[in-house]
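Here are the chains, one letter per residue:
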Amino acid sequence: MPIYDLSYRHWDGPLHGGGRRWYVIAEAGIRLLLSYKKFVFLLMLSWIPFFIQAFMLYMILVKGQTLGFDLGPGFFQNAFAVQVFPLILVTIYAGSGLIASDLAANALPLYFAKPITRMDYVLGKLAIIGAFLALVFLAPVLLLFLFAAGVSPDMTFIRENYWVLGSILAYGLFVVVLASLFILGLSSTSRSGRVVGVAFIAAVIFSGMMGNILSLFLRNNQVLALSLGHNLTRLAQLFFLEESTLRLHWGASLAVALLIAAWSVWTLSRRIRPGEVVA
Amino acid sequence: MILELQNLTVTYGRKVAIRDLSIRLGEGAVGLLGPNGAGKSTLLKTVLGFLTPSAGSGRLLDMDIKADPLAVRRKVGYMPESDGHIPGMNAVSFVAFTGELAGMGRVDAMGRAHEVLSYVGLGEARYRPVDTYSTGMKQRIKLAQALIHDPKVLFLDEPTNGMDPKGRREMLDLVKDISTRKKISIVLCSHLLPDVEYACREVVVLDKGTVVTSGNIDEMRARRRRVYQVRGKGDAAGFRKVLEAAGCKVEEDRDRMLRVELGEGETAARIFAAASGNGFQVRHLMQLRLSLEEVFLDAIGAPHADASYQVAPAAGGDGTVH
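Please read these numbers as outputs of a predicted model, since none were measured by experiment.

Draft legend 1. Representation of the overall build of chain B. Summing up its helical and strand segments, chain B has 11 helices and 16 strands in all. A buried classification covers 45% of the 322 residues belonging to chain B. Counted over contacts in chain B with a minimum sequence separation of 6, partners at least 24 positions apart contribute 66%.

Draft legend 2. Main features of the overall build of chain A. Assigned secondary structure in chain A consists of 11 helices and 0 strands. The linear arrangement of helices and strands in chain A, starting from the amino end, is α-α-α-α-α-α-α-α-α-α-α. Projecting the C-alpha coordinates of chain A onto the three principal axes gives extents of approximately 80 × 50 × 30 Å. Within chain A, the proportion of its 279 residues that are buried is 42%. Expressed as a percentage of contacts within chain A between residues at least 6 apart in sequence, the contacts between residues at least 24 apart total 76%.

Draft legend 3. Broad picture of the sheet that holds strand β7 (residues 153–157) of chain B. Residue and element names in this part refer to chain B. The 6 strands are arranged β6-β7-β8-β3-β9-β10 in an open sheet whose pairing can be described as mixed. One side of each edge strand has no neighbouring strand; the edge strands of this open sheet are β6 (76–79) and β10 (210–216). Neighbouring strand axes in the sheet, compared pairwise and without regard to direction, differ in orientation by 15° on average. Bridge analysis of β6 against β7 gives 4 bridges, and the strand direction is parallel. Each residue of the ladder has a partner; that of Tyr 78, found in β7, is Phe 155. In the packing of helix α5 (residues 135–147) onto the sheet, contacts are made with β6 and β7, and the angle to β6 comes to roughly 165°. Packing against the sheet, helix α6 (residues 165–180) makes contact with β3 (29–33), β7 and β8 (185–190), and its axis sits at approximately 150° to β8.

Draft legend 4. Structural detail: the sheet that holds strand β4 (residues 55–60) of chain B. Residue and element names in this part refer to chain B. Strand order in this open sheet of 4 strands is β2-β1-β4-β5, and the pairing throughout is antiparallel. Only two strands of the sheet have a single partner each, and these edge strands are β2 (15–25) and β5 (63–64). Bridging between strand β1 (residues 3–12) and β4 involves 5 bridges; their strand directions are antiparallel. By the bridge assignment, Gln 6 is partnered in β4 with Ser 57.

Draft legend 5. Spotlight on the nonpolar core. Ranked by internal contacts, the top residues of the largest apolar core, which has 150 residues, are Phe 76 of chain A together with Val 95, Val 116, Ala 144, Val 175, Ile 186 and Leu 188 of chain B. At 14 residues, helix α7 (residues 118–151) of chain A tops the list of elements feeding residues into this core. Among residues more than four places away in sequence, those in contact with Phe 76 of chain A are Val 141, Leu 144, Phe 145, Val 164, Ile 168 and Phe 240 of chain A. By size, the runner-up hydrophobic cluster in this structure holds 17 residues, among which are Val 230, Phe 239, Ile 271 and Ala 275 of chain B.

Draft legend 6. Broad picture of the confidence of the model for chain B. For chain B, the mean per-residue pLDDT works out to 85, and 88% of the residues sit at or above 70. Here the predicted complex scores 0.83 on pTM and 0.87 on ipTM.

Draft legend 7. Highlighting the confidence of the model for chain A. Looking at chain A as a whole, the pLDDT averages 90, with 95% of positions reaching at least 70. Averaged pLDDT values for the elements of chain A fall to 89 in helix α9 (residues 193–218) of chain A and rise to 97 in helix α2 (residues 37–45) of chain A.

Draft legend 8. Region of interest: the interface of chain A and chain B. Taken together, the contact pairs 31 residues of chain A with 41 residues of chain B. Grouping the constituent residues of the side of chain A that touches chain B by class yields 20 nonpolar, 8 polar and 3 charged.

Draft legend 9. Examining the packing of helix α3 (residues 48–61) of chain A against α7 of chain A more closely. All names here are of chain A. In contact at an axis separation of 10 Å, α3 and α7 are set at 20° when each is read in the N-to-C sense. Put simply, α3 runs roughly parallel to α7. The way α3 lies across α7 gives a crossing that is right-handed. When α3 is examined against α7, the residues Pro 49, Phe 50, Gln 53, Ala 54, Leu 57, Tyr 58 and Leu 61 are found in contact with a partner set consisting of Pro 140, Leu 143, Leu 144, Phe 147, Ala 148 and Val 151. Grouping the amino acids of the contact of α3 with α7 by side-chain chemistry returns 12 nonpolar, 1 polar and no charged.

Draft legend 10. Fine view of the environment of Phe 51 of chain A. All names here are of chain A. Counting through the fold element by element, Phe 51 comes out in helix α3. On the neighbour-count criterion, Phe 51 (10 C-beta atoms within 10 Å) is exposed. As for Phe 51 and Gly 13, which are separated by 38 residues in sequence, their C-alpha atoms are 48 Å apart.

Draft legend 11. Broad picture of the environment of Gly 238 of chain B. Residues and elements named next belong to chain B. Assignment of secondary structure puts Gly 238 in helix α9 (residues 236–245). Gly 238 sits in the partly exposed class, given 15 other C-beta atoms within 10 Å. C-alpha separation for the pair Gly 238 and Phe 280, spaced 42 residues apart in sequence, amounts to 8.4 Å.

Draft legend 12. Local environment of unusual backbone geometry. For Asp 150 of chain B, which is not a glycine, the phi torsion comes out positive at approximately 50°. Among the structural elements, Asp 150 of chain B can be located in the loop between α5 and β7.

Draft legend 13. Region of the structure containing the pairing of strand β9 (residues 202–207) of chain B. All names here are of chain B. The buried fraction of β9 amounts to 5 of the 6 residues, a majority that puts the element mostly inside the structure. As judged from the 4 bridges shared by β3 and β9, these two strands associate in the parallel manner. Counted as the bridge partner of Leu 33 is Val 205 from β9. Pairing geometry for β9 and β10, over 6 bridges, is antiparallel. Bridging from a neighbouring strand, Glu 202 pairs with Asn 216 of β10. Taking the residues between adjacent antiparallel strands as the criterion, β9 and β10 are bridged by 2 residues, where Lys 208 takes a positive phi near 50°.

Draft legend 14. Layout of the pairing of β7 of chain B. Residue and element names in this part refer to chain B. Extensive coverage of β7 is indicated by the burial of 5 of its 5 residues. Across 5 bridges, β7 lies against β8 in parallel orientation. Looking across to β8, one finds that Val 153 is bridged to Ser 185. Between the parallel pair β7 and β8, the chain is carried across by α6, and the sense of this crossover is right-handed.

Draft legend 15. Highlighting the packing of helix α4 (residues 73–95) of chain A against α9 of chain A. All names here are of chain A. Running from N to C, α4 and α9 point in directions that differ by 155°, and their axes come no closer than 9 Å. Judged by the angle between their axes, α4 and α9 are roughly antiparallel. Crossing hand, α4 versus α9: right-handed. Each of Ile 88, Thr 91 and Ile 92 in α4 lies in contact with α9, whose residues at this interface are Gly 197, Phe 200, Ile 201 and Val 204. In terms of residue class, the contact of α4 with α9 is built from 5 nonpolar, 2 polar and no charged.

Cut-off values and rules
- Starting afresh in each chain, residues are numbered from 1 along the sequence in its written order.
- A letter from A marks each chain and a number from 1 marks each ligand, given out in the order of writing.
- Selection of residues for local features in this predicted model requires a pLDDT of at least 70, selection of side-chain atom pairs for listing and counting requires 80 or more, and totals for whole chains, interfaces and linings are taken over all residues.
- Elements are defined by DSSP. Helices are runs of H or I of four residues or more, strands are runs of E of two residues or more, and each kind is numbered from the N terminus.
- Put simply, a residue is buried when 20 or more other C-beta atoms lie within 10 Å of its own C-beta and exposed when 12 or fewer do; between those, it is partly exposed, and each C-beta is set from the backbone.
- Each residue is represented by a C-beta atom placed from its backbone, and any two residues with such atoms within 7 Å are regarded as in contact.
- One bridge is not enough; two strands pair if DSSP finds at least two bridges between them.
- Structural elements are reduced to axes, namely lines fitted to C-alpha atoms, with helices fitted over the stretch in contact, and the angle between N-to-C directions of any two is expressed from 0 to 180 degrees.
- A set of buried residues qualifies as a nonpolar core if it consists of Ala, Val, Leu, Ile, Met, Phe, Trp, Tyr and Cys joined through C-beta atoms within 7 Å.
- The predictor reports its confidence for every residue as pLDDT, a score running from 0 up to 100.
- Asp, Glu, Lys and Arg are counted as charged, while Ala, Val, Leu, Ile, Met, Phe, Trp, Tyr, Cys and Pro are counted as nonpolar; the rest, among them Gly, fall into the polar class.
- These descriptions rest on fixed angle ranges, namely under 35 degrees for roughly parallel, over 145 for roughly antiparallel, 65 to 115 for roughly perpendicular, and the rest for oblique.
- Handedness of a crossing is defined here by the sense of rotation of the near helix relative to the far one, left-handed for an anticlockwise turn of less than a right angle and right-handed for a clockwise turn.
- Whether a crossover is right-handed comes down to one check: with the strands pointing away from the viewer, does the path from the first strand over the helix to the second run clockwise; if it does, it is right-handed.

In structure tokens:
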């Protein structure tokens, strides 16, 4: 009897339904990324600003020191601005290869040979990058707010800033979803994660440069809508009910953000196909 | 019946890849043969729901392939033609992951992954990253991931691509074992005739998106032409002339053996009759069998570059009459 006869048995256990499939993809992707020490180190570095700002909050609220700024929505808006750099790094590290490497390894037919849909696949990938971006962008600012509320000696901080919690959640999720969609859309256009990473950096840097140059040249601040960074800043001001320092209409910034999201969804729907065209 | 397709048409833009195709495949191992571009892979992808047919219908294990592709994939294991893996995973994690995608629990999937990896001969290499596997190992792991959820039907698309002769034989043995002893039906898509001949009992020959012939391989060989190898003593020229006059095709090979191809409905008695009428003493008579290649080339209407024959094992003997 050949030896392989000893090792194959029919399977008669249960197969779960469709609601769990995206989660399987997300869980496996998150576990895989967390197995890279460099990535875990990057995640830890991303939290350094949190500890500095938490210390500042402690000095203001507990020790009563004034550090040259008011403790209001602007503080938390600024905390988001500080987290933009880690957001970019994590987006590139975790997101650029999410689909590109599957394309390079011809993995899509393997995924779709199982009972999963394209939506399951995209949701799973979105959950991977979204979880890490939420961890480095939304979570530190959210924790800062909760920390401030916790160490505050009286109810003044909470009474005056309770609505900021909603702003933090709304803006944080908005940016996380937008960045996740954008990097996934880019990732589906190439078989190389490096190319995707470079394209993402180029989109961030060159859009900012172009916005600045054109606004100076044309003396019109509305062209700052070409800049991803300026749009995020303008939308942050909108979410935190701060006065605009850019003289850029929030509607233009929102339109650009929605355009990016729409392009990403369109690209994903075109590129994520199980059966490659052979003719 | 595992698969039934009716008037299926699949197009890529303007190009018709499958044209009005109707087939019924029974249980066991069925070979899907055809030259490149015949529509073999397209057919598998359509049944799996990767491609939407522009016309026609199909049922796999009594499930509608258009209405419920996810239910179909729950019952099918698919080994794609191209090398593929999930980047960054070792073999056992990869196979277990595909099991989870099929709906298995994590613990069950992991246990089963170990089993199927041992079955396909990768037990020793199960903790190696798949990226470092050789071509032959990648073929085996694709088979393992196709088997993980114990499908009722396996679709194997060129399973021996890139394998050395030993690995190829082992893979075909596995395919044979799966279909015969494990009772999993197999659709083996290949352009390698010996692979299909070795592992399958039935064959469907496709060309330009349509079925050109199908059936049991042995019967297909037999129902074509009957060919005999003849050697004897006496008036070979006269013997040959009589046979040719009777509509047989006669050729002489380098060893001065005659190869006699009988006409439709003729039997070996025709050879003996021709010999007796010419005083030709038949000292060796052996029925030859057409290779599947001949059947295939006949079916797609391609010229035979070099007719290859095999000795046919006749009932109750080795096919040789002395």
